[in-house]
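# Coordinate inspection notes
Single-letter residue listing:
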Amino acid sequence: MQDSRNIGPQDSNLDIRRIFFLILKYWYWVVLSAILALFTAYTINRYTVKIYPVSMTILIKDQNEQDNSISDLIYNSRGFMPGKNYYNEEILLRSYPLIRKAVEKLDFNVSYYQEGDIKTSELYPGPPLKISVDSIHSQLPHGRSFYLNVVDSQSFEVRASDNKSENKGVKFGEWFDFQGIRYKIDALNEAKITSFQDELLVVFRSYSAVAGSYTGRINVNWLQEGASILSLTLNGPTPAKDADFLRRLAETYQERDLLTKNEQATRTVSFIDDQLAIISDSLVLLELEIQKFKENNFSSGISNEASRYQDNLDDLLGKQSELILEENYFNYLTNYLDGQEDLREITIPAAVGISNNLLNDLVKQLIDLQIENKQLLRTTKTDNPYLKEIQNRTDEIKSGIKEVINSLRQSLSIAQAELTRQINNAKFGLSALPKAEREYVNLNRLYKLSESLFLILMEKKAEASITRASNTSDVVIVNPPAFGGPITPKTSKNYIMALLIGLGLPIGLILLFDYFNDKVKFKEDVERYTDIPFLGVIGHNKDKANLVVHQSPRSAITESFRSVRSNINFFVGNGSSKTVLITSSIAGEGKTFCADNLALIFASTGKKTILIGADMRRPKLFRDFDISNELGLSNYLSSDIGVDEIVQTSPFENLHILNSGTIPPNPSELLLRDRLPELMAELKKAYDFIVIDSPPVGLVTDAMILAKYADHSIYIVRQGYTPVGTVKNADEMYRAGKMSNLSIIFNDVTVNKYGYGYGYSYKYGYTYGYGYSNGSGYYTNQSRTNSFLQKLRFKKRS
């Protein structure tokens, strides 16, 4: 018949109830571990330096959002200058010069710290002090520190961190020498300075070191795709200080941007001033020469015909200036398109002063494509097919612009030729005038041209000055610096992780030890690995003496042996003599203890009982009863002495002892002699119960030889001591018929409030007559025995 039982070392199915009760048994270790873990998490959360995130957002205006500035096509002013390159903004905000400038404005080279028992924390804002260092001194205090203690609103004390030098009674506002450097400390707020009663640690750092620290910590990123908003984030232990730094950095960046925008207007004004100085001198000279010419040649003015030629010539020259200006723009635009190859790094100039609608539309389309190209490059790779499509469209529009420019150039050439012809005709008409009038018209024409140029320059200077005065930064603070809770340490996460570790570690160790522990721990372990009937449970003996039945007749262990006695009567029936063999797998499982007390429990009922110490290899029986071991079983089997000579009386009524005797060299061979059957036959006639304490069946064959003389054999399994493998070996012998009428006693069971195993509680409550109390939910001895016998009968029938 196939064995359906699980005979592996570990049950493959997860036994949740067993695990639960196993953990519950060691609950105190689990609770202690959880408390220690939570305390560790509390310590980490309490004393770890907290890191706070500080963030702000700024807007970088694009070309469509920027205010239009005055430009001058003649002098190549901002109208034809490239715009911002947005890919540089992230790098500029993280640049060392910009960050250092912000740090210098905040005086971050001096920091104040307050020392605690475990950690040191920076104070920000610090005390209202201003520390100055004598600039004449060649040595700067970078990397140095000292302790400062405010005495009152007028004085303070300083001492070195190594306590080797100390200055006391220094007054605020006075210079003092300390560690080879000359300092002066000013109190900015005398009323507030006295609130700093604790000693402060003053630390000096170079601006380079501070700026380098911020350069490594600051993060600058675009807020989202297509947006022109930058996010600035900074993580540090002093959020208020980092917030002030970000605010100052943004303000410094605004100042830099405004300065950059004003540089062009400033250069334009400077250039115009130089030109105006030259033209002013020419105007003065021409005006004096005209005045002198008129005084010498005309008394009543020039003729009407000369005035008509002069006015006509002035109009033609004005139109010629406009055509020249338009031609200059076409040349600039053509050169710009031919010279720029990568539209990601250029900005097409706005088309101003051009009346052709087609050219304006094409230039606008080119600007829109460039903006779209920039937005895509922020979030995608350069090999994106859509970027290539934009580049192709850009090339087509550039070709279209060039074609329009060529067409306009042709029209411009015709207009210039016609204007040149008209100017020549006007000059030819002037040649018919008198010499004096011709010279006057030429002088006046030069004066008008210089005057017109002077007025244009004055207008452009006014426009440039207005532009410089009205310029605003393209950098706008959207959200000022703000900070939230600390990101490290993560308090909740640390507590959760600590709790998981605190619970998981002991539970894991308990389960690990249980997995590798091959000892029988619970009654269910016995039932899992064998079909041998279960005879009873014997509790743990806390006393040193083995004869518990005699010494503690009302104890739980004694009641257990009474229960075992009742169950044995069921197995052996009502014969005249009953022989019980007690064995185990290995030494130390308590078979002698069980044999002693079982013999006593049989004798206590008035039955004549003999206890045989058949373990001739390690005799111990004589010690428990304090009798001699000079003659015993080995002597009887090896000689011709009689039974009366080896049987000894015990201090207990109805109980006799047959010791093992002298330790022989060949116990197994002695048991195979013919005298053993004779001995057993004679003892069965003389005694009602025979209890045999045999050697372990798992070590020697003695028990197998003695088993054939026994009516019933008891196999002792000790909790936490007997290996599971020996139980399986006993089951194999039982199933093979080598030891029939075999049952198991679960010995040395530790009783606690959870019981041994789970689902089986081993508890006793006493009333008169050694019964079990029903008032507390326990069973009586008789009802417990009846229930157990029914279980045994069912197994026997099976």
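Within any chain, residue numbers begin from 1 and follow the written order of that chain's sequence. Totals for whole chains, interfaces and linings use all residues, but because this is a predicted model, local features are given only for residues with pLDDT of at least 70 and pairs of side-chain atoms are given and counted only at 80 or more. Heavy atoms throughout the structure, all of them, feed into the side-chain values; hydrogens and water do not.

### Focus: the side chain of D525
For helices the rule is a DSSP run of H or I covering at least 4 residues; for strands it is a run of E covering at least 2, with both sets numbered from the N terminus onward. By secondary structure assignment, the location of D525 is in helix α13 (residues 523-529). What qualifies as a polar contact is a pair of N or O atoms within 3.5 Å, subject to a donor-acceptor requirement within protein and to the restriction that residues adjacent in sequence count only when both atoms come from side chains. A distance of 2.8 Å separates a polar atom in the side chain of D525 from a polar atom in the side chain of R528. Filtering out sequence-adjacent residues up to four positions away, D525 remains in contact with R18 and V520. We call two residues in contact when some of their heavy atoms are within 4.5 Å.

### Here we look at a nonpolar patch on the surface
Patch construction takes residues with relative accessible area above 30% that form no salt bridge. Like charges are linked within 9 Å, and nonpolar side chains (Val, Leu, Ile, Met, Phe, Trp, Tyr) are linked within 5 Å. All accessible areas in this document rest on Shrake-Rupley with a 1.4 Å probe, and a residue is counted as covered only by the protein chains that are shown. By definition here, a salt bridge exists when the distance from a side-chain nitrogen of Lys or Arg to a carboxyl oxygen of Asp or Glu is within 4 Å. Together, I496, M497, L500, I501, L505, L509, L512, F513, Y515 and F516 give the surface a local cluster of nonpolar side chains, amounting to about 1100 Å² of exposed area. The residue L500 is located in helix α12 (residues 491-516) in this model.

### With respect to the sheet that holds strand β9 (residues 181-187)
Read from one edge of the open sheet, three strands run β4-β9-β8, paired in antiparallel fashion. Because the sheet does not close on itself, it has two edges, and the strands there are β4 (129-133) and β8 (175-178). Averaged over all pairs of adjacent strands, the angle between their axes in this sheet comes to 35°, without regard to strand direction. We treat two strands as partners when DSSP finds at least two bridges between them. As paired strands, β4 and β9 are joined by five bridges and run antiparallel to one another. Note that in β9 the partner of V133 across the bridge is Y183. Helix axes are fitted to C-alpha atoms over the stretch in contact, other axes to C-alpha atoms as well, and angles between N-to-C directions run from 0 to 180 degrees.

### Things to note about helix α2 (residues 27-47)
Working note: α-helix, 3.6 residues per turn, so residues spaced by three or four point in the same direction. The first and last C-alpha atoms of α2 sit 30 Å apart over 21 residues, in line with the 30 Å expected at 1.5 Å per residue. Listed as buried for α2 are V30, S33, A34, A37, A41 and N45. Take α2 and look down its axis: the buried residues cluster within an arc of 105°, on one side only. Along α2, exposed side chains directed more than 90 degrees from the buried face belong to W29, I35 and F39. Against the buried residues of α2 lie α1 (16-25) and α12. Any helix carries an expected span of 1.5 Å times its number of residues minus one. A 1.4 Å probe rolled over the protein chains alone gives each residue an accessible area, and that area as a share of the maximum for its type sets the label: buried under 20%, exposed over 50%, partly exposed in between. Starting at the helix axis, one direction is taken to each C-beta atom, and the arc is that of these directions.

### Some thoughts on helix α15 (residues 556-572)
Taking 1.5 Å as the rise per residue, α15 with 17 residues should run 24 Å; its terminal C-alpha atoms sit 25 Å apart, in good agreement. The element α15 is largely enclosed, with a buried count of 13 among its 17 residues. G573 sits one or two residues past α15 and shows a positive phi near 80°.

### Concerning the packing of aromatic side chains
Ring geometry is summarised as follows: Phe, Tyr and Trp rings, the Trp one being its six-membered ring, pair when their centres sit within 6.5 Å, and such pairs are stacked at plane angles under 30 degrees, edge-to-face over 60 and tilted between the two. Per the counting criterion, the structure on display carries 19 aromatic pairs. Note on F20 and F21: the rings are 5.4 Å apart at their centroids and 80° apart in plane angle, and the pair reads as edge-to-face. Ring centres 5.7 Å apart and planes at 35° place the aromatic pair Y183 and F204 in the tilted group. Note that Y183 is positioned in strand β9 and F204 in strand β10 (residues 200-204), a separation of 21 residues in sequence. According to the relative accessible area criterion, Y183 is buried, its value standing at 0%. Its relative accessible area of 2% is what places F204 among the buried residues. Pairwise contacts between aromatic rings join F146, F156, F172, F176, F178, Y183 and F204 into one cluster.

### Observations concerning the confidence of the model for the protein chain
Values of pLDDT, the confidence the predictor places in each residue, fall between 0 and 100. For the protein chain, the mean per-residue pLDDT works out to 78, and 78% of the residues sit at or above 70. Per-residue pLDDT stays below 50 along residues 1-12; that stretch engages in 22 contacts with residues further than four places along the chain or on separate chains. The model gives residues 753-798 a pLDDT under 50, and that stretch makes 85 contacts with residues more than four places away or in other chains.

### Focus: the pairing of β8
The alternating pattern of β8 places F176 and F178 on a buried face, while none of W175 and D177, on the opposite face, is buried. Relative to β9, β8 runs antiparallel, the two sharing four bridges. Bridge pairing links W175 to K184 in β9. Following β8, the chain reverses through two residues before pairing antiparallel with β9; Q179 in that reversal takes a positive phi of roughly 55°.

### Overview of the pattern of salt bridges
Going through the model one piece at a time under the given rule, you end up with 20 salt bridges. A salt bridge links K241 to E122, with the nearest nitrogen and oxygen atoms 2.7 Å apart. Of the two residues, K241 is situated in helix α7 (residues 239-297) and E122 in strand β3 (residues 120-123); the sequence distance between them amounts to 119 residues. Each member of the pair, K241 together with E122, is buried. Put simply, D615 and K591 hold a salt bridge, and the shortest N to O gap is 3.4 Å. In this pair, D615 sits in the loop between β16 (609-613) and α17 (621-625) while K591 sits in helix α16 (residues 591-603), placing the two residues 24 residues apart along the sequence.

### Re the sheet that holds strand β13 (residues 475-483)
Taking strand neighbours across the sheet as the criterion, the four strands line up as β11-β12-β1-β13 in an open arrangement whose pairing is antiparallel. The open sheet terminates on both sides in strands that have one partner only, identified here as β11 (219-222) and β13. For this sheet, the mean angle separating the axes of adjacent strands, direction not counted, is 20°. Sheet topology note: the strand β1 (residues 52-60)/β13 ladder contains six bridges and is antiparallel. Paired with S55 across the strands is A482, a residue of β13. Set on the sheet, helix α6 (residues 207-217) makes contact with β11 and β12 (229-236); between it and β12 the angle comes to about 115°.

### Focus on the packing of α2 against α12
Orientation of α2 relative to α12, taken along the N-to-C sense of each, is 155°, at an axis distance of 8 Å. In terms of orientation, α2 lies roughly antiparallel with respect to α12. Classified by chirality, the crossing of α12 by α2 is right-handed. Residue-level inspection shows W29, V30, S33, A34, A37, L38, A41, Y42, I44 and N45 of α2 in contact with α12, the latter providing T491, N494, Y495, A498, L499, G502, L503, P506, I507 and I510. Three classes are used: nonpolar for Ala, Val, Leu, Ile, Met, Phe, Trp, Tyr, Cys and Pro, charged for Asp, Glu, Lys and Arg, and polar for all others, with Gly counted as polar. By residue class, the composition of the contact of α2 with α12 is 15 nonpolar, five polar and no charged. In this scheme, roughly parallel covers angles under 35 degrees and roughly antiparallel covers those over 145, while 65 to 115 is roughly perpendicular and the rest are oblique. Each crossing gets its handedness from the near helix: less than a right angle anticlockwise from the far helix is left-handed, clockwise is right-handed.

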